[in-house]
Amino acid sequence: MKHSKTNKNKKDALKEKLTLLRRVSMSEEEKDRMGTFLSRYVELHPVLGEQERAIKERKERYSAFNALIRRFTPAFAMLVFFVWGGIALAGTALPGGALYGVKTTSEDFRESFSFNTEWKARFEAELINRRLNEAHQLLEQGGVSERSIEELVRELEENLEDLDALLETLEAEDEHLLAFEIEKAFRSSINMYKDVFVSMSETNKHVEAFLIHVALQFGLPNNYFAMDTQGNSLALERRRGDEGEVNTMSLLAEEDGADTAQTEELQGVSGDTLRAHESSDMQMMAVDSNEKSESEMLGVGSAFDLETLSSYVSVRISETEREIEGARRLDERLRDALLLRFEKAQRLYEEAALAEEFQDESIAHSLFLESLSIVEDLRSLLQMGVHKPSELSISSILKKLENEGAKEDPSSFLELEEEVRGIRKGADEPGRFNEEQGEERSEGSNEKP
Amino acid sequence: MKRAEDIEKSFNEAYEAYSDAIFRFCFFKVSDKEKAFDLAQETFVRLWNYSRTGDREVDNVRAFLYKIARNLIIDEYRKKSTYSLDALREGGFDVRMDGHKDIELEVDAREVVDAMHLLDDLYREVALLRFVEGLPPKDIAESLSLTENVVSVRLNRAVKKLRVILKVEE
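Residues numbered from 1 in each chain as written. Chains lettered and ligands numbered in written order. Predicted model: local features only at pLDDT ≥ 70, side-chain atom pairs only at ≥ 80, totals over all residues. Heavy atoms only, no water.

Asker: Got a sec to walk through the overall build of chain A? Specific residues and values, please.
Answerer: Tallying secondary structure elements over chain A gives 20 helices and zero strands in all. Counting the 449 residues in chain A, one finds 42% classified as buried. Taking contacts inside chain A between residues at least 6 apart in sequence as the whole, the part at least 24 apart equals 74%. In the form shown here, chain A has an accessible surface area of approximately 24600 Å², with 53% of it arising from carbon and sulfur atoms. (Helix = DSSP H or I, 4+ residues; strand = E, 2+ residues; numbered from the N terminus. Buried < 20%, exposed > 50% of the residue type's maximum accessible area, 1.4 Å probe, protein only. Contact = heavy atoms within 4.5 Å. Areas by Shrake-Rupley, 256 points an atom, 1.4 Å probe, with all protein chains shown as cover.)

Asker: Please give an account of the overall build of chain B that cites residues and values.
Answerer: What chain B contains, in helices and strands, is eight helices and zero strands. Listed by position from the N terminus, the elements making up chain B come as α-α-α-α-α-α-α-α. The 170 residues of chain B split such that 48% are buried. The contacts of chain B with a sequence gap of at least 6 include a subset with a gap of at least 24, amounting to 66%. For chain B, the accessible surface area stands at approximately 8800 Å², while carbon and sulfur atoms represent 45% of it.

Asker: Talk me through the interface of chain B and chain A; I want residue IDs and the actual numbers.
Answerer: Taken together, the contact pairs 46 residues of chain B with 35 residues of chain A. Regarding the contact of chain B and chain A, the summed buried area is about 4100 Å², with carbon and sulfur atoms giving 65% of it. Across the chain B-chain A interface, the total number found is three salt bridges. Across the pair B:Lys33 and A:Glu30 runs a salt bridge, and its minimum N-O distance is 3.3 Å. (Buried area = accessible area lost by both parts, 1.4 Å probe. Salt bridge = Lys/Arg side-chain N within 4 Å of Asp/Glu carboxyl O.)

Asker: For a negative patch on the surface, give the residues involved together with the corresponding values.
Answerer: Residue and element names in this part refer to chain A. A cluster of like negative charges, contributed by Asp-108, Glu-158, Glu-161 and Asp-162, occupies part of the molecular surface. Residue contributions to the negative patch peak at three residues, all from helix H6 (residues 146–172). Summarising the element assignment, Asp-162 is placed in helix H6. Judged by its relative accessible area of 35%, Asp-162 is partly exposed. (Patch = residues over 30% accessible without salt bridge, like charges linked within 9 Å, V, L, I, M, F, W, Y side chains within 5 Å. Lys, Arg positive; Asp, Glu negative; His and termini not counted. Charge placed at Lys NZ, Arg CZ, Asp CG, Glu CD.)

Asker: Please provide a residue-by-residue account of a nonpolar patch on the surface, values included.
Answerer: Residues and elements named next belong to chain A. A contiguous nonpolar surface patch, about 880 Å² in accessible area, is contributed by Phe-76, Leu-79, Val-80, Val-83, Trp-84, Ile-87, Leu-89, Leu-99 and Val-102. Ranked by residues supplied to the nonpolar patch, first place goes to helix H3 (residues 50–90) with seven residues. Inspection of the secondary structure puts Leu-79 in helix H3. Residue Leu-79 is classed as exposed on the basis of its relative accessible area, which comes to 52%.

Asker: If you had to explain the packing of aromatic side chains to someone new, which residues and values would you point to?
Answerer: Applying the stated criterion to the full structure yields twelve aromatic pairs over all chains. For the ring pair B:Phe27 and B:Phe28, a centre distance of 5.3 Å and an interplane angle of 80 degrees mean the geometry is edge-to-face. There is no split in this pair, since B:Phe27 and B:Phe28 are both buried. With a centroid separation of 5.0 Å and 50 degrees between ring planes, the pair formed by B:Tyr50 and B:Phe64 is classed as tilted. Placement of the pair is B:Tyr50 in helix H2 (residues 33–51) and B:Phe64 in helix H3 (residues 61–79), with a sequence separation of 14 residues. Here the aromatic residues B:Phe11, B:Tyr15, B:Phe44 and B:Trp48 are joined through ring pairs into a cluster of three or more. It is A:Arg33 that lies over the ring of B:Phe37; its NZ or CZ is 4.4 Å from the centre. (Phe/Tyr/Trp six-rings, centres within 6.5 Å; stacked < 30°, edge-to-face > 60°. Lys NZ or Arg CZ within 6 Å of the ring centre and 35° of its normal.)

Asker: Could you give me a rundown of the packing of helix H2 (residues 28–44) of chain A against helix H1 (residues 4–30) of chain B, with the residues and numbers involved?
Answerer: Running from N to C, H2(A) and H1(B) cross one another at 160 degrees; their axes reach a closest spacing of 12 Å. Comparing their axes, H1(B) and H2(A) come out roughly antiparallel. Like other packed secondary-structure pairs, H2(A) and H1(B) cross with a definite hand, here right-handed. On H1(B), the residues that touch A:Lys31, A:Met34, A:Gly35, A:Leu38 and A:Val42 of H2(A) are B:Glu8, B:Phe11, B:Tyr15, B:Ser19 and B:Asp20. Residues of the contact of H2(A) with H1(B), tallied by class, amount to five nonpolar, two polar and three charged. (Axes fitted to C-alpha atoms, helices over the stretch in contact; angles between N-to-C directions. Parallel < 35°, antiparallel > 145°, perpendicular 65-115°, else oblique. Left-handed = near helix turned anticlockwise from the far one by under 90°. Nonpolar A, V, L, I, M, F, W, Y, C, P; charged D, E, K, R; others polar.)

Asker: So what's going on with the nonpolar core? Which residues, and what values?
Answerer: The tendency in soluble globular proteins is for nonpolar side chains to be buried as a group. Ranked by internal contacts, the top residues of the largest apolar core, which has 61 residues, are B:Phe44, B:Met116 and B:Leu162. No other element matches H1(B), which puts twelve residues into this core. Aside from chain neighbours lying at most four places away, what touches B:Met116 is A:Leu18, A:Leu21, B:Phe28, B:Arg124, B:Ala127, B:Leu128 and B:Leu162. Of all hydrophobic cores here, the second largest spans 32 residues; its members include A:Leu334, A:Ala337, A:Ala345 and A:Leu372. (Core = buried A, V, L, I, M, F, W, Y, C linked by side-chain atoms within 4.5 Å.)

In C-alpha cells, the structure reads:
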C-alpha cells in the first residue's frame with residue numbers, strides 16, 4: 001500500500017514536470033494577431049448560402065478531378081513513354097521476333113483509326129510491301145525458321161485478304177482507276193520480291209502454300225506466274241536434256257518473235273533481287289540479266305504443280321469472262337474482239353486439261369501457260385478499255401487484238417507437241433495422245449486460213 | 001443544417017479552447033515557433049472552410065483539429081526534410097513563459113522541452129497529447145489515425161524514456 005502510494009507520487013512527479021509544457025504557448029500579441037486574422041478571414045468567407053454551396057461543390061468536384069489527373073499524369077506519361085518506345089523498337093522487328101506481334105498490332109491499330117477506303121487500301125498495299133521486305137531481310141540475315149515463316153505468311157495472308165476486300169469496296173464505289181492503281185502497286189511489290197519467295201519456297205512448304213493462296217485468291221502478276229512456271233518447265237526439260245534428250249527450251253524460245261521477247265523478259269525477271277530492287281524498269285532488267293547463266297535461271301521456281309496451275313488458270317478464265325461480259329463502260333466492238341480472243345484462251349485451256357488428263361505434263365504446262373498469258377493480256381487490255389475509253393485507245397486495242405489473232409497459229413502447239421513427242425521417241429505412249437487429240441486439233445486449224 | 005450564427009459560435013469556441021494546444025502540438029512537431037504559429041493559424045482556417053458549408057458537422061472538434069494540424073505538418077515535412085534540435089537552437093530557440101517570472105520553473109520547463117525533443121516523434125506526439133493536453137487514448141487514436149492499442153504501447157514507452165531523460169525514478 002505504501003509502495004503504491006510512492007509510485008503514484010513518482011508518476012505524478014513526471015506528470016507535473018510534463019504539465020510545465022503547458023506554459024509553452026503563444027504570446028498575447030501572437031494570440032491577438034491570429035484572432036484578428038481569423039476574424040477577418042471569417043468575415044471575408046462567410047457561411048455559404050445554398051446556391052454558393054452548390055457552386056462550391058461543383059468546384060470541389062472539378063478540382064478533385066484535376067487532382068486526379070495531376071496525380072496520374074506521371075504514370076500516364078510513363079505508360080505513353082513505354083508504349084511508344086515499345087512500338088518504336090518493334091518497328092524494326094522481324095517475323096519470329098519477340099516484338100513482331102507489337103509491330104503488327106500497332107499497324108492494325110493505326111489502320112482502325114481511318115474510315116477512308118482509299119487510304120486503307122494504300123496502307124494495306126504498303127503493309128504487303130513491308131512484309132515482303134521483312135522476308136528479304138530474314139533471308140539476308142539467315143534467320144529463316146519455321147516459326148518466322150509461319151508468322152510472316154499468316155500476316156501476309158491477312159494483309160492480302162484485307163486488301164482484296166478493300167479493292168472490292170473501291171470497285172463497288174466506282175473508283176475503278178484508284179483500285180487499278182493500288183492493285184498495280186501491290187503487283188509491282190510482289191514482282192520486286194518474287195525471287196525472295198522462290199528461294200524461300202524451296203525450303204519451306206508454308207511459302208509454297210502461301211504462293212498458291214495468293215495465286216488463287218488474288219492472281220499473281222502474269223509475268224511472274226509465267227516466269228515461275230516456265231522456269232519450272234525449263235528446269236524439267238533441262239533435266240531430260242541431261243539424260244540425252246533434246247533441250248526444248250530453245251524450241252520454246254525460238255517459236256516466234258513474241259515468244260522470244262517474252263523469254264527475254266522472263267530471264268530479266270529471274271535476275272538478281274537486288275537489281276530488281278533498284279529499278280522497276282523491267283526492260284532494263286531484261287537487258288541486264290540476259291547475261292545470267294542458265295543454271296541461275298533454272299534455279300527459279302518450283303512453287304506450282306500442274307494441278308495448282310490448272311485451277312489457277314481456270315479461275316482466271318472464268319473471272320476474265322465474267323469481267324469482259326460485265327464491263328459496263330466497254331465499247332461493244334472491243335467487247336466482241338476481246339471475247340473472240342478469249343475463246344482462244346479457253347480452247348487452249350481445254351487442250352491443256354486434256355493433256356493433263358493424259359499425264360503429258362510438259363505439254364499441259366505449256367498450253368496452260370499460253371492460255372494464261374492470253375487471259376492476262378486480255379485483262380490488261382480490258383482494264384485499258386474500261387479506264388481509257390477514247391476512240392484512239394479503242395482502235396489501238398482492236399489493232400493489237402487483230403495482230404495477236406493473226407499472229408497466232410493454233411497448229412504451232414500441235415507442232416510443238418509433235419516435235420517434243422518425236423524427240424522423245426515413245427517415252428510414254430505417244431500414239432495415244434495423238435489419236436485422242438488429232439480430231440480436235442484439225443478442227444482448230446481449219447478455223448485459220 | 002446549422003444556422004450561420006451557430007457555426008460561427010462553435011468556431012470561436014474551438015479557437016478559444018484549442019488554439020494554444022494546437023500551437024504547442026505544432027511547436028513540438030516542427031520545433032520552430034514561427035512555423036508553429038503559421039501552422040496553427042492555417043489549421044483554424046481549414047476548420048472554418050470545412051464548417052462554413054453548413055452541411056458537415058464535426059463530432060470531435062479537438063481530435064479533428066489535431067488531425068488537420070498533423071496533415072499540415074506532414075506537408076511541411078515534405079517541403080523541408082528535417083527539423084533538428086541543433087538547427088533549432090542555432091536559430092535561437094526560446095520558450096516564452098508569459099506571466100511566469102519564476103526562474104526555477106522556467107529552468108524546469110526548458111529541461112522538459114529539451115527532454116521532449118530528445119524523444120522520437122512517435123512518442124513525443126502521444127506523450128504531448130496525453131500528459132500535456134490530457135486527451136484520452138481514444139481521442140489520441142482518432143487524432144493520429146492510430147489504434148488505441150498502439151497509442152497505449154507508445155505512451156508506455158514514452159513514459160519510460162522520459163523517466164530516464166528527466167531522471168525521475170520509478
